[in-house]
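# Architecture and fold: a report
The lines below spell out each chain.
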Amino acid sequence: MTTMTQAPPTAGADVRRFVATPVRPSSPVGGTQRRKRLDPARGGRRARMLFLLPAGLFLAVFSIYPLIQLCRMAVSDVTPATLGAAWKLVGFANVVKGWVSGATPQAIIRTLIFVVIVTILGMGIGFAGAVALRTKGRWSSILLALMVFVWALPPVVNGSVWKFLLGENGLFNGIIMGLHLADRPVPFLFDPSVALISVALVNSFAVIPFNALVYRAAMMNIDPEVFEAAQIDGANRWQEVRHILSPMARPTSLVLLVLTLVYGFRSFDYIYVMTAGGPGTATNTLPFLGYMQAFVRYDYGLGAATSVLTLLGVLVLAVVYTRSIRKEEGE
Amino acid sequence: MAPHRKRRGVLTAVATLCALALTACSTGTPSSNGSSGGDSSGSGTVTVWHYFTDKKQISMLDQFKKMFEDSHPGTTVDNVYVPYDQINQKAVNAATSKTGPDIISMNGAEAATLILGGALAPLDDRLGAWKDKAQLPESTLHVLDGKTYALQGYVNLLALWYNEDMLNELGLKPPTTIDEMESAMAAAKAKGHSGITLTGLPNSQSEWQSHPWLTGEGFTYDNLDEAALTKVLTRVHKWAQEGWLSPEATTWDQTVPFQVWAAGDTLFAENGNWRMGTAKSDAKFKYGVTTLPVGSKGRVYLGGEAQGVGAFSKNPDLAWEYLTSTYLSPEGELAAAKTVGSLPARLDTASDSSIASDPLLVPFAQSVAKLGDPYPSSSIPPTAVNDVFVAMGQAWSSAISGQTSPEDAAATALATVKEAIGKK
């Protein structure tokens, strides 16, 4: 048993200092009373709880409660007429309805395609961008500023600009037609087989700056002596990238990979702005399908069931993310 | 005692945080999110939620605001823009927390969503006591279960806008049949122009624009004729394949195609009377309007915005006074006709000489009489309207883009529509 031998710690003090000194036990009753008031471990826990309280309350009110409501809604029949009343429980009828209609399986496939494109491009070009930005100079500063600008742009603005750029008479088709690379405009956003890829590319464009900045921060932490030693050994730039930057950025890669997967999985705004789920249903990914069902068709139960599927995907990735963070901290 | 004190401390902290949060939520000042109250004697603020983005429609709202504030000293009209695809949801959400604006200007076809969501107040008593009630045709009232919840001060509908300069260049006249129209589009294409602009967005706007063509072939919600639906989807697919209609239409709402047509390189635009102001300001060529060439069976929806008093308006008397002084008054309806091109709903105003003498409004007025259809169809149950609109809009969009064959698009849409309206 341990107890303290000096005044209780104030918030932020090193609690371990106080719990380290063993002393003889005191009388059972009085000792218990004193321990309850003065146990530094309990005091530290209490302080931590107090600090956690606002965030915990915020999470409970704005995340956990809505999630519980979402899950309740997913197993209920909820329409505008019953939104403010008691919800009738229907079990998994909403999930079955979405699945039988074919909308859910198709949306899952589209979501997976979307996520794969966003992740590969986001990670690959993000890493390449970070390698380019690692050196100091005017051009890397300009590129860095440009990336921060792109990253900070609201998706609605970014998506609207890209919608014009990729239009039939937009900049890209202007260049393609001007250079006689095609005999008709490329249907970036209005061909069913191209639209999903186009929106995924734009989504990738938006995530690349974030990934590059995080990678760059990780690369800047690598000891310069490592590169000096490599240069003495005759390593070229590519070998530096392959044998130094890649392995040393691996923990960051793992975290970024999970974040990029989540980002791709929950993407909604670019689809909303650029294609509205079309043409037809060609860009109806899970988040957009959930939106359509809940806020266009006003079948809140069906929309919630689709959203819960999205949530499950994100939840799995969140668990992977947490584990990778812990692993990185452990290393 | 210590545990009790601790629990009490935590509870106090929770209560304090909740109180702070609640205080932050209710500022006590008038908010654009909802009704801001006032007394029923005539002073106060009328908050109007609308989704207008067209500059002429916004100008109409500004005129209504001025009219009302001038005639009702001490009152203020607060026009609040809410995006079209959010307005219903926002109003229903507000109603569940017993708040909301004084007036909601909504797509008349979607009034049922707001009524079922409890966002609108019944107007029967007010309407019964209103001296001009007889001036409003039955078709402009939005009724559910025998109660009237919203009214339309004007009617909007579709017709065929044509580029007269281009028709003259091609040596053609405005088409009266679909064959003539397709020949004209082919001729325009051969000269390097485009044939037609319309919306292909996979939502209710496409359902609205496809209705004249569908009914022209005999498809209605009373007669779910798959062959007719397939024929129309095949036709619009052909328009895209031939290059008469840009497949980019699948990303256009109804505003964009009109702007594209007004740029001058497209022969026709399937669009509405509410674009008249935009045409006058933007089109730098001679143009005209004719009824859609959809034959004797073809119908056009009588659409437009409906206005209702919010169920949780703090000043419903003033809100009703605003409606009857602007949207539903002869002066207001004529102002809407002059500014936007909307057709007055009042019987005494619809026959006004300024309407009958406007060559652009005449084809629309003729369409009301010849082709007018209630919007939405009375065959669709109020709870199924949105499902039907989305299914038909997606089929239209799929056919234009070629995502699926017209046959498959028709079959998929019909399956949803039949389930939604309970027909086999």
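Residues numbered from 1 in each chain as written. Chains lettered and ligands numbered in written order. Predicted model: local features only at pLDDT ≥ 70, side-chain atom pairs only at ≥ 80, totals over all residues.

## Focus on the overall build of chain A
Along its length, chain A carries 15 helices and 2 strands. Taking the contacts inside chain A whose residues are at least 6 apart along the sequence as the reference set, 67% of them involve residues at least 24 apart. (Helix = DSSP H or I, 4+ residues; strand = E, 2+ residues; numbered from the N terminus. Contact = placed C-beta atoms within 7 Å.)

## With respect to the pairing of strand 12 (residues 305-309) of chain B
Residues and elements named next belong to chain B. Most of strand 12 sits inside the fold, with 5 of its 5 residues counted as buried. Here strand 12 shows two buried faces, one formed by E305, Q307 and V309 and the other by A306 and G308. Pairing between strand 3 (residues 103-107) and strand 12: 5 bridges, direction antiparallel. By the bridge assignment, S105 is partnered in strand 12 with Q307. (Buried ≥ 20, exposed ≤ 12 C-beta atoms within 10 Å, placed from the backbone. Pairing = 2+ DSSP bridges.)

## Here we look at the domain arrangement of chain B
Residue and element names in this part refer to chain B. According to the domain assignment, chain B contains domain 1 (44-151 + 305-341) and domain 2 (158-300 + 377-421). Distance between the C-alpha centres of domain 1 and domain 2: 29 Å. Of all the secondary structure elements, the ones that give two or more residues to the side of domain 1 that touches domain 2 are helix 2 (55-71) and helix 4 (111-116). Of all the elements, helix 4 adds the most residues to the side of domain 1 that touches domain 2, at 3 residues. Classifying every residue of the side of domain 1 that touches domain 2 by side-chain character gives 5 nonpolar, 5 polar and 3 charged. (Domains from an automatic or database assignment. Nonpolar A, V, L, I, M, F, W, Y, C, P; charged D, E, K, R; others polar.)

## Description of unusual backbone geometry
Between G278(A) and P279(A) the backbone carries a cis peptide bond, its omega angle lying at 0 degrees. Of note, P279(A) is situated in the loop between helix 13 (269-274) and helix 14 (286-296). The linkage connecting Y375(B) with the following residue, P376(B), adopts the cis geometry, with an omega of 0 degrees. Inspection of the secondary structure assignment puts P376(B) in the loop between strand 14 (372-374) and helix 17 (385-401).

## Here's the deal with helix 6 (residues 138-152) of chain A
In this model helix 6 of chain A runs 21 Å from its N-terminal to its C-terminal C-alpha over 15 residues, within 8% of the 21 Å that 1.5 Å per residue would give. Burial analysis of helix 6 of chain A places just 1 of its 15 residues in the buried class, a small minority of the element. (Expected span 1.5 Å × (residues − 1).)

## Focus on the environment of A86(A)
Residues and elements named next belong to chain A. Turning to its location among the elements, A86 is positioned in the loop between strand 1 (76-77) and strand 2 (88-89). Looking at A86, the number of C-beta atoms within 10 Å reads 7, which means it is exposed. Spatially, the C-alpha atom of A86 lies 9.6 Å from that of S76, the residues being 10 residues apart in sequence.

## Focus: the packing of helix 9 (residues 226-241) of chain B against helix 17 of chain B
Residues and elements named next belong to chain B. Running from N to C, helix 9 and helix 17 point in directions that differ by 40 degrees, and their axes come no closer than 7 Å. Relative to helix 17, the element helix 9 lies oblique. The crossing of helix 9 and helix 17 is right-handed. Listed contacts from helix 17 to L233, V236, H237 and A240 of helix 9 are A395, W396, A399 and I400. Considered class by class, the residues forming the contact of helix 9 with helix 17 number 7 nonpolar, 1 polar and no charged. (Axes fitted to C-alpha atoms, helices over the stretch in contact; angles between N-to-C directions. Parallel < 35°, antiparallel > 145°, perpendicular 65-115°, else oblique. Left-handed = near helix turned anticlockwise from the far one by under 90°.)

## Details of the interface of chain B and chain A
Across the contact, 33 residues belong to chain B and 29 residues belong to chain A. Among the secondary structure elements, those contributing two or more residues to the side of chain B that touches chain A are helix 1 (2-25), helix 3 (84-96), helix 4 and helix 17 of chain B. With 8 residues, the top contributor of residues to the side of chain B that touches chain A is helix 17 of chain B. Split into classes, the residues belonging to the side of chain B that touches chain A amount to 12 nonpolar, 19 polar and 2 charged.

## Digging into the confidence of the model for chain B
Residue and element names in this part refer to chain B. Mean pLDDT over chain B works out to 89, with 90% of the residues at or above the 70 mark. Counting contacts from residues 1-33, a segment whose pLDDT is below 50, to residues more than four positions away or on other chains yields 11 contacts. Overall, residues 37-41 carries pLDDT values under 50, and its contacts beyond four positions in sequence, including any with other chains, amount to 12 contacts. Here the prediction assigns the complex a pTM of 0.83, and the interface score ipTM is 0.82. (pLDDT = per-residue confidence, 0-100.)

## Comments concerning the nonpolar core
Residues and elements named next belong to chain B. With 175 residues, the main nonpolar core has A91, L114, A119, L120, I196, V388 and A395 as its most contacted residues. The two domains that each donate at least three residues to this core are domain 1 (44-151 + 305-341) and domain 2 (158-300 + 377-421). Those residues in contact with L120 that sit more than four places away from it in its chain are I104, L114, I115, Y149, A150, G308, V309, G310 and A311. (Core = buried A, V, L, I, M, F, W, Y, C linked by C-beta atoms within 7 Å.)

## Overview of helix 10 (residues 255-265) of chain B
Within the sequence span of helix 10 of chain B, burial applies to P257(B), F258(B), V260(B), W261(B) and A262(B). Buried residues in helix 10 of chain B make contact with strand 7 (158-163), strand 8 (194-197), strand 9 (266-272) and helix 11 (276-282) of chain B.

## Let's talk about the environment of T324(B)
Residue and element names in this part refer to chain B. Mapped onto the secondary structure, T324 falls in helix 12 (residues 316-325). Take T324: there are 18 C-beta atoms within 10 Å of it, and that puts it in the partly exposed class. Each C-alpha atom of the pair T324 and K56 lies 21 Å from the other, and the pair is 268 residues apart in sequence. With near-sequence residues (within four places) excluded, T324 lies in contact with W130 and S329.

## Describing the sheet that holds strand 8 of chain B
All names here are of chain B. With respect to topology, 4 strands assemble into an open sheet ordered 8-9-7-10, the strand pairing being mixed. A strand with exactly one partner marks an edge of an open sheet, and here the two such strands are strand 8 and strand 10 (287-290). Each strand axis lies, on average, 20 degrees off the axis of its neighbour in the sheet, ignoring direction. Here helix 10 sits on the sheet in contact with strand 7, strand 8 and strand 9, set at roughly 150 degrees to strand 9.

## Notes on the pairing of strand 5 (residues 147-151) of chain B
Most of strand 5 of chain B is tucked away, with 4 of its 5 residues classed as buried. In sequence, strand 4 (residues 141-144) of chain B turns back onto strand 5 of chain B through a hairpin of 2 residues, with D145(B) there showing a positive phi of about 50 degrees.

## A word on the confidence of the model for chain A
Residue-level pLDDT values for chain A average 86, and 88% of them are 70 or greater. Note that pLDDT drops below 50 for residues 1-32 of chain A; the model gives that stretch 29 contacts with residues more than four away or on any other chain.

## Observations concerning the environment of R72(A)
Its location among the elements puts R72(A) in helix 3 (residues 40-74). R72(A) sits in the partly exposed class, given 14 other C-beta atoms within 10 Å.

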